[in-house]
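Breakdown of the fold
Take a look at the letters that make up each chain.
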Amino acid sequence: MGKVDTGMKCTAEEVSVAEETVQTVDHLQKVKDFHNADATRYRAERYRSDTCEGLAYVTRRQMVLSLADIEPGRVLDVGCGPGILTRDLIHNGHVVYSADLSMEMLRRARETAGGEGASVPHFVVSDASKICFSGNRMDMVLSIGLMCYVKDHGGVLSEIRRVLKPGGVSVIQINNIRWPVLYRTLIPLYRRLKAVTAGKNYDGLDFSFNFSSSKEFLGDIARSGLEVLRVEHYDFRIPFVDILLPRLSVALGKLMFKNRSRRICRLFAHGLLIKVKK
Ligand SMILES: C[S@@+](CC[C@H](N)C(=O)[O-])C[C@H]1O[C@@H](n2cnc3c(N)ncnc32)[C@H](O)[C@@H]1O
C-alpha cells in the first residue's frame with residue numbers, strides 16, 4: 001500500500017517542540033512515580049542526625065523556618081513532600097497551601113498535618129511550572145528540595161513571582177554545585193560507593209537531576225525579576241569522606257555549620273537557601 005499524504009507538514013521547529021513536550025511529560029511522570037514510591041519512607045530515612053545527608057535535611061528545615069519569618073499570611077509550600085513544614089507554618093499563624101506533584105506525598109502530608117477549623121491546610125496537586133493559583137495571592141512561597149527535579153528553573157521562578165503579592169518573599173533551596181558537569185560525572189561512582197557502604201537504595205531514580213551552578217541560578221533569579229535578600233549555606237561535607245568516614249564527617253559537618261560564616265567552610269557547603277522578594 002502506498003503512503004497516505006495527509007497534507008499535514010511539520011516544520012523542524014514544530015517537531016523539536018513536540019519532542020521536548022514528550023520528554024517533559026516523560027520526566028514529570030518519572031519524578032511523580034519516584035516520589036509516590038518514596039512517600040512512606042521519605043521523612044524517616046532523610047530526616048536523621050546520624051549521617052551527613054540526614055543532618056543536611058534537619059538543618060535545612062530549621063533554617064527555612066527561621067528565614068520564613070514574616071507576619072502571618074498566605075504561604076504556598078510548593079513541592080511540599082510529606083508536609084515537613086506544614087505544622088510549623090500553621091503554628092506560626094499562616095494559612096498554608098501545600099502543593100506537590102505526587103498524590104502519595106500529599107496523602108502523607110494530610111495525615112501528619114493535623115489542625116482544626118481555620119488552620120486546616122489546603123492540599124493541591126500541582127506542577128510547579130504551572131502553579132494552580134491566581135497571581136498576586138501569596139505572602140510567601142517556599143520551594144525546598146524542588147529545583148533539582150525541575151527541568152526549567154526560569155519557568156518555575158516566574159511562576160513563584162506570579163503568585164507572590166508585590167513585596168512577598170520566597171525561600172528557595174538549591175544544591176550548591178560549583179562544577180555541574182564534573183558533579184554529574186561523579187554521581188554514578190558516589191552512588192555505587194554509598195550503596196556498598198551504607199546500603200542506600202537508588203531504585204526508581206531513572207531520570208536526571210537538574211543541577212545548575214549557584215551562579216547560573218542567581219542569574220535565573222535576576223532574569224525572573226526577583227530580588228535576592230539573603231543567601232545561607234548549609235549541608236557541609238567533604239566529598240567522598242562523608243561516605244568513607246561517616247562519623248568523622250558528621251562531627252566535621254556540625255563544626256563547619258557552626259562556623260558557616262567563614263569562607264573556608266562555605267567551600268564545603270552542598271546546599272543553599274536563597275531568600276528573595278518580589
Ligand atoms: C525532596 S522532596 C522535598 C520535600 C519537602 N519540601 C522537604 O522540605 O523535605 C521534593 C518534592 O518535590 C515534588 N516535586 C518534584 N517535582 C515537582 C514539580 N514539578 N511540581 C511539584 N512538585 C514537584 C516531589 O513530588 C517531592 O515531594
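Residues numbered from 1 in each chain as written. Predicted model: local features only at pLDDT ≥ 70, side-chain atom pairs only at ≥ 80, totals over all residues. Heavy atoms only, no water.

Between helix 3 (residues 52-67) and helix 10 (residues 246-258), the shortest axis-to-axis distance is 9 Å and the interhelical angle comes to 25 degrees. Accordingly, the angle class assigned to the pair helix 3 and helix 10 is roughly parallel. The handedness of the crossing between helix 3 and helix 10 comes out as right-handed. On helix 10, the residues touching Cys 52, Leu 55, Thr 59 and Met 63 of helix 3 are Ser 249, Val 250, Lys 254 and Phe 257. (Axes fitted to C-alpha atoms, helices over the stretch in contact; angles between N-to-C directions. Helix = DSSP H or I, 4+ residues; strand = E, 2+ residues; numbered from the N terminus. Parallel < 35°, antiparallel > 145°, perpendicular 65-115°, else oblique. Left-handed = near helix turned anticlockwise from the far one by under 90°. Contact = heavy atoms within 4.5 Å.)

Let us look at a nonpolar patch on the surface. A contiguous nonpolar patch, built from Trp 179, Leu 182, Leu 186 and Leu 189 and spanning about 420 Å² of accessible area, is present on the exposed surface. Within the fold, Leu 182 resides in helix 7 (residues 180-198). With a relative accessible area of 47%, Leu 182 lands in the partly exposed category. (Patch = residues over 30% accessible without salt bridge, like charges linked within 9 Å, V, L, I, M, F, W, Y side chains within 5 Å. Areas by Shrake-Rupley, 256 points an atom, 1.4 Å probe, with all protein chains shown as cover. Salt bridge = Lys/Arg side-chain N within 4 Å of Asp/Glu carboxyl O. Buried < 20%, exposed > 50% of the residue type's maximum accessible area, 1.4 Å probe, protein only.)

Right, let's get into the nonpolar core. Of all hydrophobic cores here, the largest spans 25 residues; its most connected members are Leu 76, Met 138, Val 141, Met 147 and Phe 217. If you list the elements that add at least two residues to this core, you get strand 1 (74-78), strand 2 (95-100), strand 4 (138-143), helix 6 (153-163), strand 5 (164-175), helix 8 (214-224) and strand 7 (269-277). Broken down by element, this core gets its largest block of residues, 4 residues, from helix 6. Residue contacts for Met 147: discarding those within four places in its chain leaves His 153, Val 156, Leu 157, Ile 160, Ile 172, Gln 173, Ile 174, Asn 210 and Phe 217. One finds Leu 142, Val 169, Ala 269 and Leu 273 within the second-largest nonpolar core, a separate group that totals 23 residues. (Core = buried A, V, L, I, M, F, W, Y, C linked by side-chain atoms within 4.5 Å.)

For the rest of this paragraph, the subject is the site of the ligand. The full set close to the ligand counts 21 residues, and Tyr 42, Tyr 47, Gly 79, Asp 100 and Ile 144 are the nearest of them. The separation between an oxygen atom of the ligand and a polar side-chain atom of Tyr 47 is 2.6 Å. Backbone polar atom of Ala 128 to a nitrogen atom of the ligand: 2.8 Å apart, as the coordinates give it. Compared with its free state, where it exposes 600 Å², the ligand has 98% of that area covered by protein. With 3 residues, the top contributor of residues to the shell around the ligand is helix 1 (residues 12-38). Here the residues of the shell around the ligand sort into 12 nonpolar, 6 polar and 3 charged. (Near = heavy atom within 4 Å. Polar contact = N/O pair within 3.5 Å; in protein donor to acceptor, adjacent residues only side chain to side chain. Nonpolar A, V, L, I, M, F, W, Y, C, P; charged D, E, K, R; others polar.)

In this section: the packing of aromatic side chains. Going through the model one piece at a time under the given rule, you end up with 12 aromatic pairs. With a centroid separation of 5.1 Å and 85 degrees between ring planes, the pair formed by Tyr 183 and Phe 211 is classed as edge-to-face. Of this pair, Tyr 183 sits in helix 7 while Phe 211 is found in the loop between helix 7 and helix 8, placing the two residues 28 residues apart along the sequence. The buried category is assigned to Phe 211, whose relative accessible area is 10%. (Phe/Tyr/Trp six-rings, centres within 6.5 Å; stacked < 30°, edge-to-face > 60°.)

When two helices pack together, their arrangement is given by the angle between the helix axes and the distance between those axes. Their axes nearest at 9 Å, the elements helix 6 and helix 8 cross at an angle of 45 degrees. It follows that helix 6 is oblique to helix 8 by the angle criterion. In this structure, helix 6 crosses over helix 8, and the sense of that crossing is right-handed. The residues of helix 8 that touch helix 6, namely those facing His 153, Leu 157, Ser 158 and Arg 161, are Phe 217, Asp 220, Ile 221 and Ser 224. When grouped by side-chain class, the residues that make up the contact of helix 6 with helix 8 number 3 nonpolar, 3 polar and 2 charged.

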